[in-house]
Amino acid sequence: MTQDQLTVAVVGGGTMGAGIAVVAARAGHRTILRDLDDAAVQRGLDTVESFLRRSASLGKLTDDQLGTALANLSGTTELRDLAPADVVVEAVFEDLEVKKTLFAELDDIVSRDALLHTNTSTLSVTSIASGSRYPERVVGTHYCNPAQLMKLVEVAEGRHTASEATKRSLEFLAGVGKTTVITKDRPGFILNRFLIPWENNCIRALEAGLGTVESIDRAVLGALRHPMGPFQLLDVVGLDVHKAVSMRLYEQLREPRFAPPPLVDRMIAAGDLGRKTGRGFYTYETTKAFGA
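Conventions used here
- Residues numbered from 1 in each chain as written.
- Predicted model: local features only at pLDDT ≥ 70, side-chain atom pairs only at ≥ 80, totals over all residues.
- Heavy atoms only, no water.
- Helix = DSSP H or I, 4+ residues; strand = E, 2+ residues; numbered from the N terminus.
- Buried < 20%, exposed > 50% of the residue type's maximum accessible area, 1.4 Å probe, protein only.
- Polar contact = N/O pair within 3.5 Å; in protein donor to acceptor, adjacent residues only side chain to side chain.
- Expected span 1.5 Å × (residues − 1).
- Pairing = 2+ DSSP bridges.
- Axes fitted to C-alpha atoms, helices over the stretch in contact; angles between N-to-C directions.
- Core = buried A, V, L, I, M, F, W, Y, C linked by side-chain atoms within 4.5 Å.
- Contact = heavy atoms within 4.5 Å.
- Arc of directions from axis to C-beta.

A. Molecular detail of the side chain of Thr 161. Residue placement: Thr 161 occurs in the loop between β7 (152-157) and α6 (163-175). Overall, Thr 161 belongs to the buried group, its relative accessible area being 11%. For Thr 161, the side chain forms a polar contact with the main-chain oxygen of Val 138, separated by 2.7 Å. A distance of 2.7 Å separates the side chain of Thr 161 from the backbone nitrogen of Gly 158, its partner in a polar contact.

B. Region of interest: helix α1 (residues 15-26). Here α1 is twelve residues long and its end C-alpha atoms lie 17 Å apart, about the 16 Å a rise of 1.5 Å per residue gives. Counting buried residues along α1, ten of its twelve residues qualify, which places the element largely inside the surrounding structure. When α1 is considered as a whole, its buried residues turn out to be Met 16, Gly 17, Ala 18, Gly 19, Ile 20, Ala 21, Val 22, Val 23, Ala 24 and Ala 25.

C. Summary view of the sheet that holds strand β3 (residues 73-76). With mixed pairing, eight strands are arranged side by side in an open sheet as β3-β2-β1-β4-β5-β6-β7-β8. The open sheet has two edge strands, β3 and β8 (179-183), and neither has a second partner. On average, adjacent strands in this sheet sit at an angle of 25° to one another, irrespective of strand direction. Sheet analysis places strand β4 (residues 87-90) next to strand β5 (residues 115-118), joined by four bridges and oriented parallel. Its bridge partner being in β5, Val 87 is matched across the sheet by Leu 115.

D. Broad picture of the nonpolar core. Residues Val 8, Ile 20, Val 48, Leu 52, Tyr 143 and Phe 172 are the most contacted members of the largest nonpolar core, which totals 35 residues. Breaking this core down by element, the ones donating at least two residues are β1 (7-11), α1, α2 (38-57), α3 (63-71), β4, β6 (138-143), β7 and α6. In terms of residue count, the dominant contributor to this core is α1 (eight residues). Apart from residues lying up to four places away in sequence, Tyr 143 is in contact with Met 16, Ile 20, Val 89, Asn 119, Leu 152, Val 153, Phe 172, Leu 173 and Lys 178. Counting residues in hydrophobic clusters, the runner-up holds 17 residues, among them Leu 82, Leu 116, Ile 128 and Val 138.

E. Broad picture of helix α11 (residues 262-269). All buried positions along α11 are accounted for by Leu 263, Val 264 and Met 267. The buried side chains of α11 occupy one side of the element, clustering within an arc of 105° when seen end-on. For α11, the exposed residues set more than 90 degrees away from the buried face come down to Pro 262, Arg 266 and Ala 269. Once α11 ends, the next one or two residues include Gly 271, with phi positive near 80°.

Set out below in structure tokens:
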């Protein structure tokens, strides 16, 4: 594998998968977005195209770069269409058996030289890799959300990940403009081990009346210099995703600080998931991907 044009397959066309597809297409790679049905594939492709066109309108991509990115972008529901992939990035929902089954199926589709990346942030890379007959090529690559804007990717090796696979993965990530940190194969890696309890504490502060959504966000932006306030970030991630990640970490670590506060359940029940539904802690005029 060289850092010339590669074929990158992203499995899962949701918020994270579409963001990773933006990253790959923007870097000039042939990008295949795969999901389970045509509607899901089209939503993912529309999200990618919208973001790329918006980037071009802001002068962050040239017309030639936009044309190349769109020409290299395709979608499919068929796993066998991923056969040419040099890198497969799995971005499906956090279910261990689903991920293991996917990697087992990929063994018979992609070449032995292909890298298999899992975007998990809460599940064991080792456990996911056990679904493959070739766990040495499975690497954990946790993209920060939104993947199309955030530079950082956490890289975690499974128990049997080969050092060569890690080296090639770091080269690939550098080639698509990412900054990487190496972390251990532990629940939450580095970022979510810190971030999830902090976000939950911000929600608890809101529930306790210590401040409003706006004042807590302003306090964090003004004093801590975060690029987003906690409630802005939660709306980008989605309350359903936040709950799923929180519960996965709570189930493994059994620490109360990882358990999502009651407000999260009430918002999910109301359909107030964040930007993707037009309403979360804030309201939005568009449900397009953040930055699009």
